[in-house]
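As a plain string of letters, each chain reads:
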Amino acid sequence: MKNQTYIELTDTLKQKINQLLNEKVVDYVIGYEKGSLWFKTRPFMIRKQTEVEKVIWNRFCQFNLSTFLKPISQRGEKIGIVAKKCDLKSIVELIKNNQVKKENLYIIQVACDGVLNWQKLENFSGIPVSKVIEIEENALNLVIKTSESSIEVLKSDCLLDKCLVCDFQHSTYADDFISISDENNHEIRNQTIPYFESLEDVDYEGRLEFWLKHFSRCLRCYACRNVCPACFCPTCMFDSQEGLWISKESKTPENYVYHLTRAFHTATLCVECGECERVCPVNIPLMKLNKKLAKEVKDAFGYQAGLQVDELSPFKTFCQEDTDEFK
Amino acid sequence: MNNLNQIQNPYLPRIASIEKITQETGDIKTFRLVFLEGDFHHLPGQFVELSVFGRGEAPISISSFIPGENSLELSVKKMGKVTSYLHSMCEGDKVGLRGPYGNTFPVERIKGQNLLFIGGGIGLAPLRSLIHYSFLKRDDFGKISIIYGARTPADLVFKEELFNIWSNIKNTEVHITVDVATNGWQGKVGVVPKILKELNPSPDNTVAFTCGPPIMIKYSLEALNDLNFPEEDTVTTLEMKMKCGIGKCGRCNIGNKYICLDGPVFTLKELKNLPKEY
Amino acid sequence: MSSNNPETKYFLLKKSKVKDLLNTLYKEFEIFVPVEEEGMVNFKRYKLNNNFNMEFTNTLLPPKGLFLPQQETLFTINYKKEELIEENLETSRRIIFGIRPCDSRSLTILDEVFKEKSEDVYYLQKRNNTLLIGLGCSNPQIYCFCSSLEVDPGKDSSVDIFLTDLGEKYLVTANTKEGQQLIKDLPVYFEKAGEEEITRALEIQSQAREGFSVGFAKKDTEIFRDVEIIFEHPIWEELAETCLGCGICTYLCSTCHCFDIADELAKNEGRRFRCWDSCQFFSFTNMTSGHNPRPNRKERIRQRFLHKLSYFVSRYGSIACVGCGRCLRNCPVDIDITRVIGAINHE
Ligand SMILES: Cc1cc2nc3c(=O)[nH]c(=O)nc-3n(C[C@H](O)[C@H](O)[C@H](O)COP(=O)(O)OP(=O)(O)OC[C@H]3O[C@@H](n4cnc5c(N)ncnc54)[C@H](O)[C@@H]3O)c2cc1C
Ligand code: SF4
Ligand code: SF4
Ligand code: SF4
Ligand code: SF4
Ligand code: SF4
Ligand code: FES
């Protein structure tokens, strides 16, 4: 995939990581390396300078690396972390909830122009990823080339859902901001796309049917939980004791309990990074649930997760003016 | 297409009734179980999957050797769901049993040899099946020595047999020890490996069997090594989490061995060929 | 799973007639066909005139679930009568229509496990009751690497009937007596294949091994025979740094067979069931005492790779991977078995 901006950003990023390791500012840096296929990247713990060569930054760096700051994966070392604008929100929440100390972190924000979703790429271009030889970018489009043809698709059609509404501008939490121009090129985002069909207008029966349909195929692989930076409990209640709360069978009542409980546990912590929905192997639209809870929290308490380090979550505050609807 | 109806369903337990319950220690009870129907044949070292219906199953060593009768004894420590519920059950209640499963102590190979048993805590349970077996065929074996220890006198299991029966059998020695002496304990004090070293048994024509808490096994194996017991004559049993008991559910493996099928009995020599993951 | 017949026969089946064929078979069989739903193709039970999709390269979920369902009742318990009621294992005869060569191979691998010593009636009953109609591949997905293992994507003689896509029609190869009988019983759908079509199909079959994007050399798997060396390899530590310990790679694997057994307690009736479980979960080996022989992700991810590439080989004689690529496609952190094998050998 050719994109001069990203190539230059990668070079600057490598220099930065090199410097951080060299000057022992951090023990290791969490970044990205090339994945096994051209449209994949993988999280990468860079400990040695010889490894810096493998660092990349491109349009497929979807992973929200902040999940590796959860205490379960920490070893008390000083960590550098590569972060997209949206990933910063998760880092803010982790700091806020005492899961990681800001002084143990070195945050390298990298300019991001939106992350591509390979499945959308396949769907909109009609070209299977296995046939793609090269992708070029112009202002608005991606030019997808195969050995026989080349097809242009709108970039905005192929971005991750969350990138379409990416509005978080804050970068004061980052220790560094790697960019070429000031900020990203927002025009490519077609804000009018109804990327999120809300269930607000659907009645109770309809919503029940909707969720039963989706939850019934959940495998309970727990990838959504394990990838989630907001699920930072050292022992999740669903792991606490064999079959204590719900059995291991993945059937409707158990799956329902799992998902609703997780949604409640992550409400006020979920920054809508979309990782749970992205990793779900059976395409369960988990973001509909998360967004609904985020909306409720915002409507009731005027609170949004991930914005301010010093703003306490509604779970941790009590306010006389809070609405009290449970009579 | 073959007809599978003749094949036994290996997941279906047979029903047995609790005939007698002996309180061994505060949290260990021995249950004598009798099958409602059919025979039961096993060899020392094997285990069963015990069902408490509605609660689940747990693998438990057969701690007895009672040939000719369709009954067996299980000595069970109260731990989690199944074992706790079992402890609340009464004589006459029904449980389920699958098995016997697993390999056995090498009963043929050890004929004519001296036997040295080294047990700790509930670890005497699997050894007891071989102890019963060897007393039943007393003339097949040489000297029999039993070293057994528990944390306190109150934690000793099979007290009646230990103190009053086994030591009275010919050419048999029983050494009992506790880590901490309480209640006016007059006997030996000290952990099992220490007592083992003090007794200094000869490895000549002797096979050693050890079972107990991991830490006891570890130091006993070291002590046996110091006493020049050959690796192939040092026998132990392993414990891994189990569900199916028949090599299907995939969880009890150490390297390429399923403990439920290829174990739980291993010689130290075999153990050394396995990855250290137990 | 049926007796092989050395005398194979070639027929033709028009694609336009497949639906009619399924509608006819439907009267006698429970049929599973690839169906596209919610952006995924999976084997679903065929209902009269249902739509299906034969242009998939592979299903998201492996067909193992049709033999080892994610959850399955083993028996129910009647407390009052103190009796166990066995599940009725009799099923109607079944057909899987369109199973890929990698996945049919995975069933012969699973057979080894479920037949060893105590025969697993729940699995084997379904296996013996199921006719496999396989479909050759000429369009491997970017993740497929069956050709690195002992799977021929173009030709599969382990299924009862094998289809090779000739565009408008399939060349139909009957591999077993049962397959031949099925064709013989339904002459309206199957015509005799001519020399020309057979030649063309053989050509397509032999080209199927081309066009793979990932894979490894067979000799690179030999290193896994030496457990002592491979067990202590630093790569497990490295993989554990990013592995999330989720169930994706094992639940979606064609050959993973691990399960849990537990009871459900209701008022007068209990139930014992089994359900999929994964060696990637902490609880898999954690004992009540609190001792866990595989306490960290390092030991658990090592178990997954070594079980497939080493332990299974020394126990059953083959690698427990068929190269379906599902783990590679779906792993959230892109842990890739082909890269692991390559890295251990060449880095
Ligand atoms: C070969 C073998 C022989 C054993 N013999 C005895 C014995 O004679 N006496 C005795 O008291 N205990 C014995 N144990 C240990 C006993 O199996 C566990 O204490 C018991 O499974 C705990 O079950 P639970 O339902 O009470 O606990 P829970 O915590 O509710 O356990 C849930 C399930 O996990 C599995 N499991 C948990 N811990 C273990 C474990 N340590 N080993 C195997 N599976 C486990 C079981 O399937 C169990 O039903 C033996 C274990 C093995 C492997
Ligand atoms: S990732 Fe998907 S399948 Fe897995 S537990 Fe979450 S919702 Fe269920
Ligand atoms: S799918 Fe990937 S992240 Fe999940 S357990 Fe497997 S290797 Fe680890
Ligand atoms: S290990 Fe991966 S490629 Fe191999 S059979 Fe399993 S899912 Fe398929
Ligand atoms: S890889 Fe893990 S889950 Fe899969 S069969 Fe092996 S032990 Fe079981
Ligand atoms: S792995 Fe091979 S057999 Fe399986 S779908 Fe891909 S090409 Fe076909
Ligand atoms: S207990 Fe299931 S494989 Fe050993």
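Residues numbered from 1 in each chain as written. Chains lettered and ligands numbered in written order. Predicted model: local features only at pLDDT ≥ 70, side-chain atom pairs only at ≥ 80, totals over all residues. Heavy atoms only, no water.

Q: For this particular structure, what's the right way to read the overall build of chain B?
A: Broken down by element type, chain B carries 7 helices and 15 strands. At 19 Å, chain B has a C-alpha radius of gyration in line with the 19 Å of a compact globule built from 278 residues. Summarising its shape, the C-alpha atoms of chain B cover approximately 60 × 40 × 35 Å along the three principal directions. Burial analysis of chain B (278 residues in total) assigns 58% to the buried set. Long-range pairs, those at least 24 residues apart, make up 68% of the contacts in chain B with a sequence separation of at least 6. Element-wise, carbon and sulfur atoms account for 49% of the exposed surface of chain B, whose accessible area totals about 11,200 Å². Taken as two groups, the 31 positive and 30 negative side-chain charges of chain B have centres that lie 4 Å from each other. (Helix = DSSP H or I, 4+ residues; strand = E, 2+ residues; numbered from the N terminus. Rg over C-alpha atoms; globule rule 2.2 N^0.38 Å. Buried < 20%, exposed > 50% of the residue type's maximum accessible area, 1.4 Å probe, protein only. Contact = heavy atoms within 4.5 Å. Areas by Shrake-Rupley, 256 points an atom, 1.4 Å probe, with all protein chains shown as cover. Lys, Arg positive; Asp, Glu negative; His and termini not counted. Charge placed at Lys NZ, Arg CZ, Asp CG, Glu CD.)

Q: Can you walk me through the site of ligand 5 in this structure?
A: Residue and element names in this part refer to chain C. In the vicinity of ligand 5, the residues found are T250, C256, H257, C258, C279, Q303, R304 and H307. A total of 3 residues in the shell around ligand 5 trace back to one element, the largest contributor, which is helix α9 (residues 297-316). Along the lines of polarity and charge, the residues of the shell around ligand 5 split into 3 nonpolar, 4 polar and 1 charged. (Near = heavy atom within 4 Å. Nonpolar A, V, L, I, M, F, W, Y, C, P; charged D, E, K, R; others polar.)

Q: When you look at the environment of C324 of chain C in this model, what are you seeing that I'm missing?
A: All names here are of chain C. The topology assignment puts C324 in the loop between α9 and α10 (326-330). Since its relative accessible area comes to 9%, C324 is described here as buried. Along the sequence, C324 and E191 sit 133 residues apart, while their C-alpha atoms lie 32 Å from each other. Other than its neighbours up to four places away in sequence, C324 contacts C102, D103, C144 and S254.

Q: Where do I start with the domain arrangement of chain A in this structure?
A: Accessible area lost upon the coming together of the parts is a frequently used measure of interface size. On domain assignment, one finds that chain A holds domain 1 (4-115 + 166-178), domain 2 (118-158) and domain 3 (204-315). One C-alpha centre belongs to domain 2 of chain A, the other to domain 3 of chain A, and the line joining them spans 33 Å. (Domains from an automatic or database assignment.)

Q: Just checking my understanding: could you explain helix α8 (residues 252-266) of chain A for this structure?
A: Because the α-helix completes a turn every 3.6 residues, residues three or four places apart line up on one side. Residue and element names in this part refer to chain A. In this model α8 runs 21 Å from its N-terminal to its C-terminal C-alpha over 15 residues, within 8% of the 21 Å that 1.5 Å per residue would give. When α8 is considered as a whole, its buried residues turn out to be E254, N255, Y256, Y258, H259, T261, R262, A263 and T266. Residues of α8 that are buried in the fold lie against α6 (204-215), α7 (223-227), α9 (275-279) and α10 (286-301). Two residues or fewer after α8 comes T268, characterised by a positive phi angle close to 75°. (Expected span 1.5 Å × (residues − 1).)

Q: Help me out: how do you make sense of the sheet that holds strand β5 (residues 71-77) of chain B in this one?
A: In sheet architecture, strand pairing relies on hydrogen bonds along the backbone and comes in two forms, parallel and antiparallel. Residues and elements named next belong to chain B. With antiparallel pairing, the 6 strands of this open sheet are ordered in space as β4-β3-β6-β1-β2-β5. A single partner strand is all that each edge strand has here, and the edge strands are β4 (56-61) and β5. The average undirected angle you get between the axes of adjacent strands in this sheet is 40°. In terms of strand pairing, strand β2 (residues 28-35) meets β5 through 7 bridges, oriented antiparallel. (Pairing = 2+ DSSP bridges. Axes fitted to C-alpha atoms, helices over the stretch in contact; angles between N-to-C directions.)

Q: Would you mind going over the pairing of strand β4 (residues 105-110) of chain A with me for this structure?
A: Moving residue by residue along a regular strand, the side chains alternate between the two faces of the sheet. Residues and elements named next belong to chain A. The buried count for β4 comes to 6 of 6 residues, which makes it a mostly enclosed element. Burial along β4 is two-sided: L105, I107 and Q109 and Y106, I108 and V110, pointing in opposite directions, are all buried. In this view, the connection linking strand β3 (residues 79-83) to its parallel neighbour β4 by way of helix α2 (residues 85-96) has right-handed handedness. Here β4 pairs with strand β8 (residues 176-178) via 3 bridges, running parallel. Paired with Q109 across the strands is F177, a residue of β8. (Right-handed = clockwise from strand over helix to strand, strands pointing away.)

Q: I'm lost on the site of ligand 3 in this one. Help?
A: All names here are of chain C. Residues in contact with ligand 3 amount to 13 residues; listed here are only the nearest, C243, L244, C246, C249 and C331. Secondary structure elements with two or more residues in the shell around ligand 3: α8 (248-251) and α9. Residues belonging to the shell around ligand 3 are distributed by class as follows: 10 nonpolar, 2 polar and 1 charged.

Q: What is the right way to read the pairing of β3 of chain A from this model?
A: Residues and elements named next belong to chain A. Within β3, 5 of the 5 residues are buried, which leaves it mostly tucked inside the rest of the structure. Burial of β3 is two-sided: the residues I79, I81 and A83 facing one way and the residues G80 and V82 facing the other way are all buried. Relative to β3, strand β1 (residues 28-34) runs parallel, the two sharing 3 bridges. For I30, the partnering residue across the bridge sits in β3 and is I81.

Q: Would you take a moment to explain the interface of chain C and chain B for this structure?
A: Taken together, the contact pairs 56 residues of chain C with 45 residues of chain B. Across the contact surface, chain C and chain B share 7 salt bridges. Among the salt bridges present, the one from R251 of chain B reaches D260 of chain C, with a minimum N-O distance of 3.9 Å. Linking chain C with chain B are 29 residue pairs in polar contact (both at pLDDT 80 or more), by the criterion used here. Of the residues belonging to the side of chain C that touches chain B, the class tally is 22 nonpolar, 14 polar and 20 charged. (Salt bridge = Lys/Arg side-chain N within 4 Å of Asp/Glu carboxyl O. Polar contact = N/O pair within 3.5 Å; in protein donor to acceptor, adjacent residues only side chain to side chain.)

Q: Would you explain the nonpolar core in this entry?
A: One recurring pattern in soluble globular proteins: nonpolar side chains tend to sit buried together. Residues I17, W57 and V82 of chain A together with W236 of chain C are the most contacted members of the largest nonpolar core, which totals 202 residues. For this core, the element with the highest residue contribution is α9 of chain C, accounting for 7 residues. If near-sequence neighbours (up to four positions away) are discounted, I17 of chain A is found in contact with V29, I46, V52, V55, V82 and I108 of chain A. If you look at the next biggest cluster of nonpolar residues, it comprises 33 residues, including I110, I146, V157 and V265 of chain B. (Core = buried A, V, L, I, M, F, W, Y, C linked by side-chain atoms within 4.5 Å.)

Q: Explain the domain arrangement of chain B here, please?
A: Residue and element names in this part refer to chain B. Domain boundaries assigned for chain B yield domain 1 (10-101) and domain 2 (114-237). The C-alpha centroid of domain 2 is placed 24 Å from the C-alpha centroid of domain 1. Across the contact surface, domain 1 and domain 2 share 1 salt bridge. A salt bridge links R128 to E73; its shortest N-O distance comes to 2.9 Å. Counting residues per element, the ones that place at least two in the side of domain 1 that touches domain 2 are β1 (14-25), β2 and β5. A per-element tally of the side of domain 1 that touches domain 2 places β5 first, with 4 residues. Residues of the side of domain 1 that touches domain 2, tallied by class, amount to 7 nonpolar, 7 polar and 3 charged.

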